Amino acid sequence: MFQNKIWKIYYQTNLKIRVKMKKLFTCMILMTLSLISIAQNNPEKTNKQQLLEKIEAQRSAYITSKLDMTSEESTKFWPLYNEYSRKRMELKKEYKAQNADNLSEQESRMELDEQIESQEKALALKKSYYEKFKAVLPAAKLAKLESAEQEFRREILRQIKERNKSNSGPHR
């Protein structure tokens, strides 16, 4: 009788894991298929645009996996995250750092003030979107977001370095 309870618990736990894996796999397939259909519908897209879309799909799959999101959480989270990411990029484009080597004292002060203002805007944006994220993700998962983003960036940079090494080949 005791063994039956253990097997029942084992089966239920194993079933939960399989269901989560199926959901994650389904999300990944849907993202891949949507990316493929977008690429086929837009043959004029450049290689750079296609590469950026591929990286975004990989980012979604990576972060979804790292945060152990359910398909429902993922469906609600990614539109918000993509909006946040777009606005963050707009802020970065808005502020372009100047070459500080040739600036006067007054220009340097203005540059520093602009840097701080830009950082304050970025922080305000982050605060507002993290409040929205809390509405769709538990705090325990949201707490892992920033480290998952950093891990993903490091992995992409590592892949780029490897590709550059393999493309350059041995020099003669």
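Residue positions are given per chain, counting from 1 as you read along its sequence in written order. Two thresholds apply to this predicted model, a pLDDT of at least 70 for residue-level local features and 80 or more for giving and counting side-chain atom pairs, whereas whole-chain, interface and lining totals are computed over all residues. For side-chain calculations, the full set of non-hydrogen atoms in the structure is used, while hydrogens and water are omitted.

*Asks:* Looking at this structure, I do not really get the packing of aromatic side chains. What am I missing?
*Replies:* What characterises a pair of aromatic rings is the spacing of the ring centres plus the angle enclosed by the ring planes. Ring pairs shown here join Phe, Tyr and Trp side chains whose ring centres sit within 6.5 Å, with only the six-membered ring taken for Trp; geometry is labelled stacked below 30 degrees between planes, edge-to-face above 60, and tilted in between. In this structure the tally under the stated criterion is 11 aromatic pairs. Here the aromatic rings of Tyr81 and Tyr84 are separated by 6.3 Å at their centres, their planes lie at 65°, and the arrangement is edge-to-face. Placement of both Tyr81 and Tyr84 in helix 3 (residues 71–94) is noted, with a separation of 3 residues, approximately one turn of the helix. For every residue, the accessible area obtained with a 1.4 Å probe (protein chains only) is divided by the maximum for its type, and the residue is called buried under 20%, exposed over 50%, and partly exposed between those limits. Tyr81 gets classed as buried once you look at its relative accessible area, which sits at 1%. Taken together, the aromatic side chains of Phe77, Trp78, Tyr81, Tyr84, Tyr129, Tyr130 and Phe133 make up a single cluster linked through ring pairs. Strands are runs of DSSP state E lasting at least 2 residues, helices are runs of H or I lasting at least 4, and numbering of each runs from the N terminus.

*Asks:* Before we go on, may I ask you to explain unusual backbone geometry in this structure?
*Replies:* The phi angle of most residues is negative, glycine excepted, and most peptide bonds adopt the trans form. Even without a glycine there, the phi angle at Asp68 is positive, about 55°. Take Asp68: it is sitting in the loop between helix 2 (47–66) and helix 3.

*Asks:* Would you mind showing me how to read the nonpolar core here?
*Replies:* Grouped burial of nonpolar side chains is what soluble globular proteins tend to show. Each nonpolar core is a collection of buried residues, namely Ala, Val, Leu, Ile, Met, Phe, Trp, Tyr and Cys, held together in the definition by side-chain atoms within 4.5 Å. Core analysis: the biggest nonpolar cluster contains 18 residues, and Ile63, Phe77, Tyr81, Phe133 and Leu145 have the highest contact counts within it. Contributions of two or more residues to this core are made by helix 3, helix 4 (105–134) and helix 6 (145–168). For this core, the element with the most residues is helix 3, which contributes 6 residues. In this description, contact between two residues means that some pair of their heavy atoms is separated by no more than 4.5 Å. Contacts of Leu145, omitting those with residues within four sequence positions, involve Ile63, Leu67, Phe77, Tyr81, Tyr130 and Phe133.

*Asks:* In this structure, what is going on with the pattern of salt bridges? I would like to understand it.
*Replies:* A side chain with one charge may pair with a side chain of the opposite charge, provided their charged atoms come close. What counts as a salt bridge is simple: a side-chain nitrogen of Lys or Arg found within 4 Å of a carboxyl oxygen of Asp or Glu. All chains considered together, the criterion is met by 13 salt bridges. Of the charged contacts in the structure, one is a salt bridge between Arg86 and Glu90, with a shortest N-O distance of 3.2 Å. Placement of both Arg86 and Glu90 in helix 3 is noted, with a separation of 4 residues, approximately one turn of the helix. Note on Arg86: relative accessible area 43%, which makes it partly exposed. Residues Glu131 and Lys134 are paired through a salt bridge, measuring 3.0 Å at the closest nitrogen-oxygen approach. Within this pair, Glu131 and its partner Lys134 are both found in helix 4, separated by 3 residues, close to a single helical turn.

*Asks:* Before we go on, may I ask you to explain the packing of helix 2 against helix 6 in this structure?
*Replies:* Helices that pack against each other are described as a pair by the angle of their axes relative to one another and the distance between those axes. Fitting a line to C-alpha atoms yields each axis, with helices limited to the stretch in contact; the angle taken between N-to-C directions then spans 0 to 180 degrees. One way to put it is that helix 2 packs onto helix 6 with a least axis distance of 10 Å and a crossing angle of 135°. Relative to helix 6, the element helix 2 is oriented oblique. Here the hand of the crossing between helix 2 and helix 6 comes out right-handed. Along the contact surface, helix 2 presents Ile55, Gln58, Arg59, Tyr62, Ile63 and Lys66, while helix 6 presents Leu145, Ala148, Glu149, Glu151, Phe152 and Ile156. For this classification, the nonpolar set comprises Ala, Val, Leu, Ile, Met, Phe, Trp, Tyr, Cys and Pro, the charged set comprises Asp, Glu, Lys and Arg, and every other residue, Gly included, is treated as polar. Split into classes, the residues belonging to the contact of helix 2 with helix 6 amount to 7 nonpolar, 1 polar and 4 charged. Working rule for angles: under 35 degrees goes down as roughly parallel, over 145 as roughly antiparallel, 65 to 115 as roughly perpendicular, anything else as oblique. The handedness criterion is simple: a crossing whose near helix is rotated anticlockwise from the far helix by less than a right angle is left-handed, and one whose near helix is rotated clockwise is right-handed.

*Asks:* Help me out: how do you make sense of helix 6 in this one?
*Replies:* Since the α-helix turns once every 3.6 residues, residues separated by three or four places project in the same direction. Helix length check: helix 6, at 24 residues, gives a terminal C-alpha distance of 35 Å against a target of 34 Å (1.5 Å per residue), a fit within 8%. Listing the buried residues of helix 6 in full gives Leu145, Ala148, Glu149, Phe152 and Ile156. Those residues of helix 6 hidden inside the fold are in contact with helix 2, helix 3, helix 4 and helix 5 (139–142). To estimate how far a helix should extend, the number of its residues minus one is multiplied by 1.5 Å.

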